[in-house]
Structures are given as C-alpha cells and as structure tokens.
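Spelled out from the first residue to the last, the chains are:
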Amino acid sequence: MQIFLHLFSDYTLRTVAIGTAILGIVSGALGSYAVLRKQSLVGDAISHAALPGICLAFLITDSKTPLVMIVGASLAGWLGILVVTAIVRNTRIKEDAALGIILAVFFGVGIVLLTLIQKIPNANQAGLDKFLFGQAAALLERDIKTMGIISIMVISLTFLFWKEFKLLCFDPTFGASLGFPMKILDILLMTLIVIAIVIGLQAVGVVLMSAMVVAPASAARQWTNRLAIMVCLAALFGAIAGVTGAIISSTTAKIPTGPMIVVCASVIFLFSLAFAPNRGLIWQSLLKKTKFKPEINEVDPK
Amino acid sequence: MSMNQSSSAIEVTDLTVAYQEKPVLWDIDMNVPPGVLMAIVGPNGAGKTTLIKAILGLVRSASGQMLIYGKPYRQQRRIVSYVPQRGSVDWDFPTTVKDVVMMGRYGALGWLRRPGQQEKKLASEAMEKVGILNLADRQISQLSGGQQQRVFLARALTQDAQVYLMDEPFQGVDATTERAIVLLLQQFREEGKTVVVVHHDLQTVSDYFDWVTLLNVRRIASGPVNTIFNESNLRQTYGGRIGFLKTEQEMSNPQVLPEPTL
C-alpha cells in the first residue's frame with residue numbers, strides 16, 4: 001500500500017503511473033473496437049511490425065524523441081496492415097497466415113536493425129532495445145506530454161465518430177447503403193488503433209503490446225452488453241493494469257514493465273472470464289444446470 | 001426515354017457483375033413499376049443478393065445502369081431502405097434492440113449528429129409496428145431468429161422510404177413472424193411503396209407477391225406473377241433441380257441453362 005502512497009510524493013513514480021494509465025486507457029478503449037471487429041490478431045501484427053519503423057526512424061533522424069518514435073512505429077504498423085491486406089486480396093493465402101508471415105518478417109527485420117544500431121558507436125542508441133519488452137521507468141515528462149496530447153486526440157475522434165464507428169463495427173453494409181464512406185471510416189478507425197498501440201510501445205514493448213489491446217477489451221465485454229460501457233470499462237481496466245504493473249515493476253527491480261503490465265491485465269481478464277454475471281463461466285455453468293431441470297421434468301411424466 | 005425512366009421505381013439496364021472474371025450477373029434488364037411487391041427468385045448462386053447490392057451500389061458492376069425513380073441511387077438514398085440478410089451481422093455485438101433500430105435514422109442524421117428524442121420516438125413507433133416494443137432494451141444476442149428479423153424490419157421502417165430492398169426476410173423465421181412480415185408488405189403496397197424481396201420459397205410466391213423476377217445469372221423473366229410465374233420459366237431458372245413442378249413427364253426433360261461465356 002505504501003507504494004501507492006508514493007505515487008503522490010515520488011515524482012518519477014508519478015510520471016510512470018500517469019504514462020501507463022494513459023496507454024492503458026487508450027489501448028483499452030480502442031482495443032474494444034479491434035476485439036468487436038474480430039481483429040485482435042491484427043493488433044499483434046501491428047505492434048510487431050512497428051519495431052523496424054522505430055529503428056528506421058532512429059537511423060534517419062538520430063533522435064529518440066517520442067514523436068519520432070511514434071511516427072516511425074505508426075508508419076511501419078500501417079505498412080504491415082497494408083501488406084497483409086494486399087496478400088489476402090491478391091493471393092490465395094488466408095488472413096491468419098498473412099498476419100503470421102508479416103508479424104514474423106517485420107519483427108525479424110526489426111531485430112536485425114536493432115542489432116545493427118547497437119553496433120554503431122554512438123551513445124544515443126542506448127535504450128532502443130527497451131522497445132522489445134518495454135520500460136515504463138524510462139518514461140520522461142516529455143514522453144508523457146506527447147502521449148497525453150495524442151491520446152486526447154485519439155479519444156476525441158473516437159467520441160466524435162461514435163455513431164459512425166458503431167455502424168462500421170456492427171453492420172458496415174447497411175452503413176454503406178446509408179451513404180457513409182465505410183472504407184474511409186475503416187481506415188480512420190484502423191489508424192486510431194495503430195496509434196493506440198504505438199503510444200504504449202515504449203512502456204510495454206512490441207512483443208506484448210497486443211495483449212493490452214485484447215485483454216482489457218475482452219474483460220470489459222464480459223461485464224456489459226452496451227458498447228459505451230464496454231469502451232469505458234476497457235479503458236478503466238487498461239489503466240488499472242498499466243498503473244499496477246508499472247508500479248510493481250519499478251519498485252521491484254529487474255522485472256520488465258511490459259510483462260508485468262500484461263500479467264496484471266491477464267489477471268483482470270481471467271477474473272472477468274470466471275466471475276462476470278451472465279457471460280462468466282461460473283454463471284454459465286449454473287445457468288446450464290437450471291436449464292436442464294425443466295427438460296427432465298417434461299420427460300419424467302412420460 | 002425520360003418518361004420511361006421516371007415511370008419505373010427501379011430500372012436496371014445491361015447490368016453485369018463479375019467476381020474475378022466469373023460473371024455473377026449477366027446483362028440484366030429489369031423494370032420494377034412503382035407500388036408492386038416483387039420477389040426475386042432463383043437457385044443458390046443465381047446472383048439475387050448481388051442484384052440488390054448492385055442496385056444499392058454496394059458491389060462494383062462491370063457495366064450497366066441502375067436507376068431509382070429515374071436517378072442514380074446516390075441521389076435517392078433517402079427514399080430507399082435496405083434490409084440485409086439477418087446472418088450478415090454479429091448478433092453478439094454489445095448493443096440493444098432500440099439502438100439497432102435507431103441506426104435507420106443515421107443516414108438522415110448525417111455526420112457526427114447523435115440520435116435524440118425524435119429518433120427515439122420514430123424507433124418506438126417502428127418497434128411497435130412490428131411487435132417488438134417490449135424488447136426495446138434487450139441485448140440483441142437474446143433474440144430469436146424471427147425477433148432478429150423484426151429488428152431489421154423496424155430499422156428499415158424508421159427510414160420511411162419509398163423503395164424497400166429486402167434480402168431474404170423470410171429466411172429461418174417462425175410462422176408468426178412470417179405473417180407479420182406479410183402484413184407489413186401488404187401495408188407497404190397500400191401506401192404505394194415499392195418492395196423488392198429476395199425470396200426462396202416458391203410455394204408462397206403467388207400468395208405474397210404480385211410481381212416476380214426469375215434470375216439465374218441471367219434474367220430469365222420479369223413481370224406480373226400471374227403471367228411470368230409458370231413452369232416453363234421456372235424450369236429455365238432452376239434447370240433440372242426444380243422440385244416445384246408437378247408432372248413427372250416435364251421433369252424428365254429439364255432444360256439446363258448454358259454457362260454464360262465472357
């Protein structure tokens with residue numbers, strides 16, 4: 001508990017907590033859309049595909065400022081999606097295989113670039129490898145500012161296009177018949193998901209970031225049947241997982257942040273999977289038992 | 001020419017649609033006069049759904065012209081309502097019946113504006129009309145097939161259109177819902193609205209509809225049910241697979257349509 005009290009006094013810890021809360025909120029909220037559109041695996045491909053983008057952005061600009069990293073990661077993430085789409089459209093390879101291939105190829109290239117960068121005699125490159133598993137402790141105030149501004153933009157756009165995105169996720173064909181440009185909305189929502197993923201990369205890392213897209217959203221879906229509540233709950237779960245994981249990892253040295261945050265998110269998910277009313281496993285098994293009863297009664301008189 | 005165009009609710013000319021060079025619809029001509037209830041009938045893969053989607057501009061056509069009251073669909077969206085196949089959406093989506101019904105107003109609302117009191121009122125009226133007002137706040141995953149179909153119909157009703165295009169509304173619904181849909185269709189006709197329905201059940205065509213288009217990649221025939229809906233046309237449409245014909249003799253000599261060539 002004392003750790004949480006430190007939040008208010010310890011400047012570094014507070015920065016870390018704010019940063020991971022932001023990434024949890026954004027990845028949880030936008031993750032809801034990825035999960036509802038059955039694009040959870042796309043998130044995994046995006047985060048892995050972002051690594052070469054981060055490396056190239058560093059090689060080109062010789063800078064590690066958050067904005068440069070985010071732009072590089074976003075472009076590479078988007079390129080990954082475009083290649084997957086092109087493969088699915090123009091070949092007989094199915095989407096899951098295409099995602100698997102792109103994820104591995106981009107990540108492989110990223111690791112090669114990362115190794116090359118580390119051999120460059122330049123003190124500046126230190127810390128790029130933290131993008132693999134994330135290091136929330138390294139979050140600086142400038143990182144938080146960039147993350148904060150981008151997050152506000154992402155959340156505002158999600159709110160602004162609420163009705164349009166709902167239509168896109170539920171019934172895109174009907175949406176198109178109403179005259180909404182569903183392709184453009186699709187690209188916009190996908191861009192927001194890409195951004196939600198890349199702003200978390202520094203703290204969580206490319207390897208595990210996709211869990212922050214899937215776990216809070218899937219957990220939230222267990223508790224509610226309303227889109228608005230699901231998005232808010234997912235954001236809350238994401239924030240709780242982010243802050244808790246970051247604090248545990250920064251106070252207990254040597255545990256990388258990303259895995260710790262993902263463990264926290266998984267605990268929330270498992271709890272929701274088991275205990276949520278209606279959709280939870282325990283509730284479901286109770287429901288099954290009561291459902292069988294009337295059937296038996298009906299059969300008995302015969 | 002222009003007189004002809006405006007006298008049709010839907011006019012399709014020379015429509016060809018191909019998926020990867022395989023024609024799905026081949027040189028379709030179809031005129032639907034205003035105020036008719038029309039069934040589109042044909043075997044699986046005949047292109048019935050594609051025809052509706054092509055009229056709505058939802059699939060790219062290789063050639064052809066589709067007009068609604070003489071104008072392209074883009075200019076007539078507000079008077080057209082589309083009811084997709086029930087199975088085309090994920091009914092486990094976290095939303096309520098009322099919410100889905102209100103989506104019918106999204107087009108009229110336009111960008112960014114949210115549904116308000118007016119939309120809620122229209123949605124309630126539509127739900128009442130199809131008998132699902134008591135389900136308004138229910139999560140859509142808890143609906144039966146017939147109830148799901150009524151949700152889609154209520155959503156279409158909120159659009160208050162002149163032309164309705166429905167894709168298999170009778171598919172997998174209970175008898176009560178089927179009757180409710182038929183009553184709704186008849187009400188549409190009384191109001192002078194035009195309804196095009198993709199239909200599977202040949203037995204009910206003459207009972208439910210007054211106009212029919214027989215389709216199997218090509219348009220076999222299109223016109224009033226009592227002149228068009230006969231054995232010869234049906235045999236042409238279904239080839240040897242028709243179980244509707246009564247006499248064994250006619251069955252023994254089925255006329256299978258040749259594959260269209262590009």
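Only a predicted model underlies this, so the values are computations on that prediction, with no experimental measurement involved.

**Q** Can you help me understand the overall build of chain B in this one?
**A** Across its full length, chain B carries eleven helices and nine strands. Of all 262 residues assigned to chain B, the portion counted as buried reaches 53%. Intrachain contacts of chain B at a sequence separation of at least 6 include 67% that bridge at least 24 residues. When the accessible surface of chain B is split by element, carbon and sulfur atoms take 46% of a total near 11,900 Å².

**Q** Mind showing me how you'd approach unusual backbone geometry here?
**A** Keep in mind that most residues, glycine aside, have a negative phi and that most peptide bonds are trans. Residue and element names in this part refer to chain B. In this model, D160 sits at a positive phi of 45°, which is unusual for a non-glycine residue. Following the sequence through the fold, D160 ends up in the loop between α6 (145–158) and β6 (163–167). Look at D160 and you get exposed, because its relative accessible area is 55%. A positive phi angle is found at V217, which is not glycine, with a value near 65°. Along the chain, the position of V217 falls in the loop between β8 (211–216) and β9 (218–224).

**Q** Just checking my understanding: could you explain the environment of Y69 of chain B for this structure?
**A** Residue and element names in this part refer to chain B. Inspection of the secondary structure assignment puts Y69 in the loop between β4 (63–68) and β5 (80–83). Assessed through its relative accessible area of 25%, Y69 is described here as partly exposed. Expressed as a C-alpha distance, the spacing of Y69 and V212, which sit 143 residues apart in the sequence, is 19 Å.

**Q** Whenever I open this one, the interface of chain A and chain B confuses me. Can you help?
**A** By a widely used convention, the size of an interface equals the accessible area lost when the partners come together. Chain A puts 28 residues into the contact, and the matching count from chain B is 34 residues. Between chain A and chain B we count five salt bridges in total. Notably, a salt bridge pairs K166 of chain A with D99 of chain B, separated by 2.3 Å at the nearest N-O pair. At the boundary of chain A and chain B, one finds 13 residue pairs in polar contact (both at pLDDT 80 or more). At the level of secondary structure, the elements contributing two or more residues to the side of chain A that touches chain B comprise α7 (141–160), α8 (162–170), α9 (172–177) and α13 (227–251) of chain A. Counting residues per element, the side of chain A that touches chain B draws most heavily on α8 of chain A, which supplies seven residues. Across the side of chain A that touches chain B, the residue classes break down as 16 nonpolar, four polar and eight charged.

**Q** Any chance you could explain the sheet that holds β4 of chain B here in plain terms?
**A** Residues and elements named next belong to chain B. With antiparallel pairing, the three strands of this open sheet are ordered in space as β2-β1-β4. With one partner strand each, in any of the chains shown, β2 (22–32) and β4 form the two edges of the open sheet. Within the sheet, the average angular offset between the axes of one strand and its neighbour, ignoring direction, is 20°. As paired elements, strand β1 (residues 10–19) and β4 share five bridges and run antiparallel to each other. Within β4, the residue paired with E11 across the bridge is L67. The sheet contacts of helix α2 (residues 48–55) involve β1, β2 and β4, and relative to β1 the element is tilted by about 115°.

**Q** I keep staring at the sheet that holds strand β7 (residues 194–198) of chain B and nothing clicks. Help me out?
**A** Backbone hydrogen bonds are what pair the strands of a sheet, in a parallel or an antiparallel way. All names here are of chain B. Strand order in the open sheet formed by six strands is β5-β6-β7-β3-β8-β9, with mixed pairing between adjacent strands. Every other strand in the sheet has two partners, leaving β5 and β9 as the edge strands with one partner each. Across the sheet, the mean angle separating the axes of adjacent strands is 15° when strand polarity is ignored. Pairing of β6 with β7, which is carried by five bridges, proceeds in the parallel orientation. Looking across to β7, one finds that Y164 is bridged to V195. Packing against the sheet, α6 makes contact with β5 and β6, and its axis sits at approximately 170° to β5. The strands that helix α10 (residues 231–238) touches are β3 (37–41), β8 and β9; relative to β8, the one it contacts most, it runs at about 35°.

**Q** So what exactly am I meant to see when it comes to the confidence of the model for chain B here?
**A** Residues shown with low pLDDT carry predicted positions that ought not to be read at fine detail. All names here are of chain B. Averaged over every residue, the pLDDT of chain B is 85; residues scoring 70 or more account for 89%. Contacts for the low-pLDDT stretch residues 1–5, under 50 throughout, to residues beyond four places or in other chains number five contacts. Taken together, the stretch residues 245–262 has pLDDT below 50 and engages in 28 contacts with residues farther than four places along the chain or on a different chain. Across the assembled chains, the prediction reports ipTM 0.86 with pTM 0.86.

**Q** So what exactly am I meant to see when it comes to the pattern of salt bridges here?
**A** By the definition in use, this model includes 14 salt bridges over all chains. A salt bridge links K121 of chain B to E125 of chain B, with the nearest nitrogen and oxygen atoms 3.8 Å apart. Here K121 of chain B pairs with E125 of chain B, and both are found in helix α5 (residues 117–129), just four residues apart, close to one helical turn. Residue E125 of chain B is classed as partly exposed on the basis of its relative accessible area, which comes to 42%. For K193 of chain B, the salt bridge goes to D160 of chain B, with nearest N and O atoms at 3.4 Å. Of this pair, K193 of chain B sits in the loop between α7 (175–190) and β7 while D160 of chain B is found in the loop between α6 and β6, placing the two residues 33 residues apart along the sequence. Residue K193 of chain B is classed as buried on the basis of its relative accessible area, which comes to 8%. One continuous salt-bridge network, built from bridges that share partners, spans R221 and R279 of chain A together with D92 of chain B.

Conventions used here
Residues numbered from 1 in each chain as written. Chains lettered and ligands numbered in written order. Predicted model: local features only at pLDDT ≥ 70, side-chain atom pairs only at ≥ 80, totals over all residues. Heavy atoms only, no water. Helix = DSSP H or I, 4+ residues; strand = E, 2+ residues; numbered from the N terminus. Buried < 20%, exposed > 50% of the residue type's maximum accessible area, 1.4 Å probe, protein only. Contact = heavy atoms within 4.5 Å. Areas by Shrake-Rupley, 256 points an atom, 1.4 Å probe, with all protein chains shown as cover. Salt bridge = Lys/Arg side-chain N within 4 Å of Asp/Glu carboxyl O. Polar contact = N/O pair within 3.5 Å; in protein donor to acceptor, adjacent residues only side chain to side chain. Nonpolar A, V, L, I, M, F, W, Y, C, P; charged D, E, K, R; others polar. Pairing = 2+ DSSP bridges. Axes fitted to C-alpha atoms, helices over the stretch in contact; angles between N-to-C directions. pLDDT = per-residue confidence, 0-100.

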